[in-house]
Structures are given as structure tokens and as C-alpha cells.
Amino acid sequence: MIPYCADNFASIERMAISLVDVKRVAHLARLEIDPAEAEQACERLRGIFGLIEAMQAVPTDGVEPMAHAQEMALRLRADQVTEADGRELFQAIAPQVEDGLYLVPKVIE
Amino acid sequence: MATAAAPGLPTLRQMLNATLKELAAQLAARKVSSVELAQYFLKRIETLGSQLNAFISVDPERSLAQARAADALIAAGSAQALTGIPVAHKDIFCARGWLTTCGSRMLSNFVSPYDAHVIERYNQAGAVIVGKTNMDEFAMGSSNETSYYGPVRNPWDTAAVPGGSSGGSAAAVAARLAPVATGTDTGGSIRQPAALCGVSGLKPTYGVVSRYGMIAFASSLDQAGPFARTAEDLALMLNVMAGFDARDSTSLERAPEDYSRALTRPLKGLRVGLPAEFFAEGLAPDVARAVEAAIAEFKKLGCETVEVKLPNMRLSVPVYYVLAPAEASSNLSRFDGVRYGHRASEYTDLADMYRKTRAEGFGAEVKRRILIGTYVLSAGYYDAYYLKAQKLRRLIAQDFVEAFKKCDIIMGPTTPTAAFNLGEKAQDPVQMYLSDIYTIAVNLAGLPGMSIPAGFGAGNRPLGLQVIGNYFCEAQMLNVAHQFQQVTDWHLRTPPGFAQ
């Protein structure tokens, strides 16, 4: 169970999205964002969250969250290799490969 | 190849508006070959298509190789319903050897090494890929203006948008650049462009068509479906597309169906549910009139109407703009410039490579949705947004369960207005999002929905009637649409300039 109920927050006036939020989220999403872009994104996001906030007016106490359109359990399969080796095919379209490995900038000096 | 008679131009002109059944009959009778059909539509794409920008890729050599193989199947007497038929595929479906961009710079160099399940099924059926259609970037948009490849134009009025995200597929079928096309629908991306371009389009029940190889936007909502002029053609296409696929963990294991089995059934006694919320404030008068006229036709066909209620539908746009971006932000994290797709040319270290690659590869709308999604999933906000939206999703879905206790099928408008102009809503995401107000709830509930041509509104732009069925009732919806198309001719209209 969820330790606390989200609906308790419904009455709290959430702070409008700030430029700091936008930069924090852009960092989390690994998106470089220049100051002008961040300003514009902030303004648009405020508009969109204005729309989204309509959700908070409706009580949902005791409602089971719906994660999926079909009530189904994920299938299990035998632990066997079913895919053919496609490494060469897949690496042929990679930006940079060497000796069958994907190359990225050095992480550890 | 020995043909009975060389097909002249008149024969090919007849192919322009032929149904899939008629095309198959012509192919079987050797009145026309698959190669000739492919050449005919490729020529239309090249000449008439240039003004619409409906295609991202055409590859005549590949298409004609498939057509030659189809002609061999026909000659050997092993043709199926779609063998030799040209099909345009939305550029969201991975197709081996084809550039598969999803409308994004991020994948502008991605030649797919494998086939999506949907592509595999069409290929196995002997259909011919006539091209990959333009779309909103990563299917995020309702006007086709977010495509890296530029907007698609509406064949009925090139100042108007075709709708989105499957705008290229809808425009291609409307302009007869392909007899039929495929699309995907996460919040209305088949039904809305079908309505705005005056063609028929169907989003099946979630789980009926495999999502394997279909580039993911919001995995709990995405579903593939067909575009065609007629309901009968949609049924034949769904017969090819639907079915279990172990490679998609949400693909449903169900017995195969013939979706055309009920087309001719009379509609007498069918209870049509009309949700009051579909006819409330915000519905343009021209759309309201067209939908009312369509419902009057159904009454003449013996249907009864009942009022139903979908009280939580008004929350579907807010809920969708939490859930879909949340899922998108997760799905799109795979685009990092390491294994495929775009990689920035200059960067200082690995983190900088990710940031620059993604900043360059994604367009403004996609970035916006990644930011929204990351925000609603971030620490401290998850419960207030994501979990709240999931709870409301259940309330929205339950409304439909209640409604279907009183009726067999639900009808209403597909869109609040006819096609808007290019640029009209491009700078205002909220207005753009609200244009999907009637379609989104269906995806949240996982129900099947379709749009069929129902007339013309302001500026002589097409309008659609939305038909929503209960889970797995696609055959019944196609029956309803087919019967409507027996007594109306909206679906047979061709945009001026594309009729020849």
C-alpha cells in the first residue's frame, strides 16, 4: 500500500513550475537546454500544468490505480535462447563501434 | 509475364477508387499486375504527392521487387486478400532496409535492421510497401506540424492541417496516393486525422495488434490500426494486422477472428449510446450538425438511441498529459546516441554526449513532453500527478463500463472542429491538446474506436463520426460503419485535384 494518500495534497496550492524546476528536470532527462529555451519551456509548461491541475479537484480516495488497459498478468516463457545473433547487423548502424563494442567517450581516466 | 491484355490507362484509372476486394479481383483476373499497380501509385506519389509532403520515404526499387514477388504468388494461385496491394506504412513501423525515422531527426539516419510485427504481417500477406508516411515526431502531435520532415498538408485544402499524428497516412489515403495505409493511435492519432482528411480509420482494442517494432511513445496506450476509404477495407486489413505475438508482452492471446464476418448484418434494434458530454460546450455547430445527421441515418436503419453519461471524460486530457509524457520520458530515454540514430558531433564527455545528442535529435514538442514526463515522475511529485492520473484513468474507464450496460455502441464527434489551419495552434500546446478531447478517453480505457466520414463543415473540410465499441467489438463497429456507408457516400468523395 501507499504510505500516504495523494489526495491529501489536493488542497495544497502547488508552486508554479519555476526556471529552476525546468533546469533540474532537463538535467534528469539528459537534455541540454539553453537559457532562452528554458524560459520558453517554463512558460509552456505552466500552461500545460494549468490544464493538468484540473485533476486535483476530483476525489480518488480508495480508487485502485489503473496502470494498464487490460487486466493481465505478464507471460512467462522458458529460459531458452530464442533470438538469433544479430550483433553485426545491429552494430552496422551504430555511430561508433570497434571489435564488436560500442564506443563512447572515456568515463574513467 | 503473359498477360491477357496490356492494361490501358482506363483500367488503371478504375484502380484509383477501387476497394481492396475489387483490386484483388482485378489482380486475380490479370486485368492489372501488382507491378503496374505499384508503378501507378508511385507515380501519383511523385507527381501529386509533392504538394502534400505525405511521405518521408519512397523506394521504388524495393516496392517493385515486392510487387514482382506478389505477381509470382498470384500467378502460382497462392494469393491472399492483400497480395499485390500497395500499402503505405506510417514511419513509426520498423521495416527492414527502409529508413525508419518516426518523424524525428534522432532517427533520420536509422535504416531498420528488422521488421515490426505489423510490417511482417503485411509482407507475409503479399502486400507491397509503397512508402513510409510522414507523421508528428514520435507521434506527438495532432497536426503533423511537429515532424522533422515538415508538415503534411490536407488534400482537401492545403492551407489546413491533415491532423496527427498519422497525418501522412490519412492524407495519402484521402488523395489516393495509396489505396490503404497503416497508422498508430495513442490519444486519437488514427481517428483524428481520419476525420480531418475524410477517410475511415480504426484503432483496435488495446492488445489486439502487436506493438513489436512499433517505435514506442506511451506503451500502455499505443495501438496500431488501419486507414482506408471503406469499413470493408478496414476489416480486411485488420484481418492481416491482428493476432497474438509473443514478442509484445501486452499482445493478447485470442482466437483469430474474421473482422469482415458481420459487415452485412442489419442494424435493427442496435442501441446507440450518445454521451451528453460529447455534445456539450466546445463542439462546433458544423460538426454537431453532421453528427446529428449521421445519427438520423442510423435511426432510419433501425437503431435506437439512448443517452449515456461519461462524467469523468472531461478529465481525460489532463490525465493523458500526465500518463503519456510519463511513459514517453521513459521510452525515449533509449535514444542516447550510443547504439543507433543521431549522435552529436562535438561533446566533452559521455554526459555531454547524451545531453547534446538529445538536444539536437529531439524537436520542441518532444522535449516538452520529456520534461513533463520527467517532472511528474520525479521525487515528490509522483503521487500528486502520476498516481493521481492512474486513479482517474480507472474512473474514466469505469464510465464506459457503465455506459455499455445501456447501449451496444457509442457515437459522437471525432473532433470538436473541422481541420484547422497550418500554424493556427502550433504555438499553443494547450489548444492543440484540447483538439483530442473526444478521442483520448478511448485510449485510456483501452477500447476500440473508429472514425468514418460524415460530411463536410466550414470551408468544405471533412468531418468524422466517431464510433466507439466495447472491448473486442471491432467486427460490430465495422458492421455499423459498413451499413452507414451503404446509405451515405461521404467516404467516396475525393478531394478536387486528386480525383484523376
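Residues numbered from 1 in each chain as written. Chains lettered and ligands numbered in written order. Predicted model: local features only at pLDDT ≥ 70, side-chain atom pairs only at ≥ 80, totals over all residues.

Draft legend 1. Local environment of the overall build of chain B. Helix and strand content of chain B: 16 helices and 11 strands. Against the 2.2 N^0.38 benchmark of 23 Å for 500 residues, chain B shows a C-alpha radius of gyration of 22 Å, consistent with a compact globule. Projected onto its principal axes, the C-alpha positions of chain B cover 70 × 60 × 45 Å. Counting every position in chain B, which comprises 500 residues, the buried fraction comes to 63%. For chain B, long-range pairs separated by at least 24 residues make up 76% of all intrachain contacts whose partners lie at least 6 apart in sequence. (Helix = DSSP H or I, 4+ residues; strand = E, 2+ residues; numbered from the N terminus. Rg over C-alpha atoms; globule rule 2.2 N^0.38 Å. Buried ≥ 20, exposed ≤ 12 C-beta atoms within 10 Å, placed from the backbone. Contact = placed C-beta atoms within 7 Å.)

Draft legend 2. Just the interface of chain B and chain A, in detail. The partner chain A presents 44 residues to the 55 residues of chain B that form the contact. Contributing elements (two or more residues each) for the side of chain B that touches chain A: helix H10 (316–331), helix H11 (350–361), helix H12 (364–377), helix H13 (383–403) and helix H14 (429–434) of chain B. Among the elements that take part in the side of chain B that touches chain A, H13(B) stands out by supplying 12 residues, more than any other. In terms of residue class, the side of chain B that touches chain A is built from 32 nonpolar, 10 polar and 13 charged. (Nonpolar A, V, L, I, M, F, W, Y, C, P; charged D, E, K, R; others polar.)

Draft legend 3. Quick look at unusual backbone geometry. Residue and element names in this part refer to chain B. Cis geometry marks the peptide bond from Gly164 to Ser165; its omega dihedral reads 10°. Within the secondary structure layout, Ser165 lies in the loop between strand E3 (128–133) and helix H6 (167–174). A positive phi angle is found at Cys102, which is not glycine, with a value near 55°. Looking at the element boundaries, Cys102 is found in the loop between strand E2 (86–90) and helix H5 (117–124). Accessibility expressed as a C-beta count within 10 Å gives 31 for Cys102, which makes it buried.

Draft legend 4. Structural context of the sheet that holds strand E7 (residues 271–275) of chain B. Residues and elements named next belong to chain B. On the basis of which strands lie adjacent, the open sheet formed by 11 strands has the order E1-E3-E2-E4-E6-E5-E10-E11-E9-E7-E8 and mixed pairing. At either margin of the open sheet sits one strand with a lone partner, and together these are strand E1 (55–57) and strand E8 (304–308). For this sheet the average axis-to-axis angle between neighbouring strands, irrespective of direction, equals 30°. Strand direction decides the pairing type here: E2 and E3, joined by 5 bridges, are parallel. By the bridge assignment for E3, Ala88 is matched with Gly131. Sitting on the sheet, H6 touches E1, E2, E3, strand E4 (180–185), strand E5 (200–203) and strand E6 (223–228), and the angle it makes with E4 is about 155°. (Pairing = 2+ DSSP bridges. Axes fitted to C-alpha atoms, helices over the stretch in contact; angles between N-to-C directions.)

Draft legend 5. Representation of the domain arrangement of chain B in the model. All names here are of chain B. Taken as a whole, chain B is organised into domain 1 (9–241) and domain 2 (271–492). Here the C-alpha centroids of domain 1 and domain 2 sit 21 Å apart. Contact with domain 1, which involves 56 residues of that partner, is made by 56 residues of domain 2. If you list the elements that add at least two residues to the side of domain 1 that touches domain 2, you get helix H7 (191–197), E5 and helix H8 (231–241). When residues of the side of domain 1 that touches domain 2 are assigned to their parent elements, the largest contribution, 6 residues, is made by H7. Here the residues of the side of domain 1 that touches domain 2 sort into 27 nonpolar, 20 polar and 9 charged. (Domains from an automatic or database assignment.)

Draft legend 6. Inspection of the pairing of E6(B) at higher detail. Residues and elements named next belong to chain B. Here E6 lies mainly inside the structure; 6 of its 6 residues are buried. As defined by bridge partners, E4 adjoins E6 across 5 bridges and the pair is classed as antiparallel. What sits directly across from Ala181, in E6, is Phe227. As paired elements, E5 and E6 share 2 bridges and run antiparallel to each other. Pairing of Ser200 across the sheet is with Ala228, part of E6.

Draft legend 7. Inspection of the packing of H10(B) against H12(B) at higher detail. All names here are of chain B. At a closest axis distance of 7 Å, the pairing of H10 and H12 adopts a crossing angle of 100°. Accordingly, the angle class assigned to the pair H10 and H12 is roughly perpendicular. Where H10 approaches H12, its residues Tyr321, Val322, Pro325, Ala326, Ala328 and Ser329 are matched on the opposing element by Arg369, Ile370, Ile372, Gly373, Thr374, Val376 and Leu377. Its residues assigned to classes, the contact of H10 with H12 shows 9 nonpolar, 3 polar and 1 charged. (Parallel < 35°, antiparallel > 145°, perpendicular 65-115°, else oblique.)

Draft legend 8. Seen up close, the packing of helix H3 (residues 34–47) of chain B against helix H4 (residues 60–75) of chain B. Residues and elements named next belong to chain B. Close contact between H3 and H4 brings their axes to 7 Å; oriented N to C, the two are set at 150°. As the angle between them shows, H3 and H4 are arranged roughly antiparallel. In terms of crossing hand, the pair formed by H3 and H4 is right-handed. Contacts between H3 and H4 pair Ser34, Val35, Ala38 and Leu42 from the former with Pro60, Ser63, Leu64, Ala67, Arg68, Ala70, Asp71 and Ile74 from the latter. Taken together, the residues of the contact of H3 with H4 sort by class into 8 nonpolar, 2 polar and 2 charged. (Left-handed = near helix turned anticlockwise from the far one by under 90°.)

Draft legend 9. Layout of H4(B). Residue and element names in this part refer to chain B. With 16 residues, H4 extends 22 Å between its outermost C-alpha atoms, agreeing within 8% with the 22 Å of an ideal straight helix rising 1.5 Å per residue. Against the buried residues of H4 lie helix H2 (20–28), H3 and E3. Of the residues one or two after H4, Gly77 is the one with positive phi, at around 75°. (Expected span 1.5 Å × (residues − 1).)

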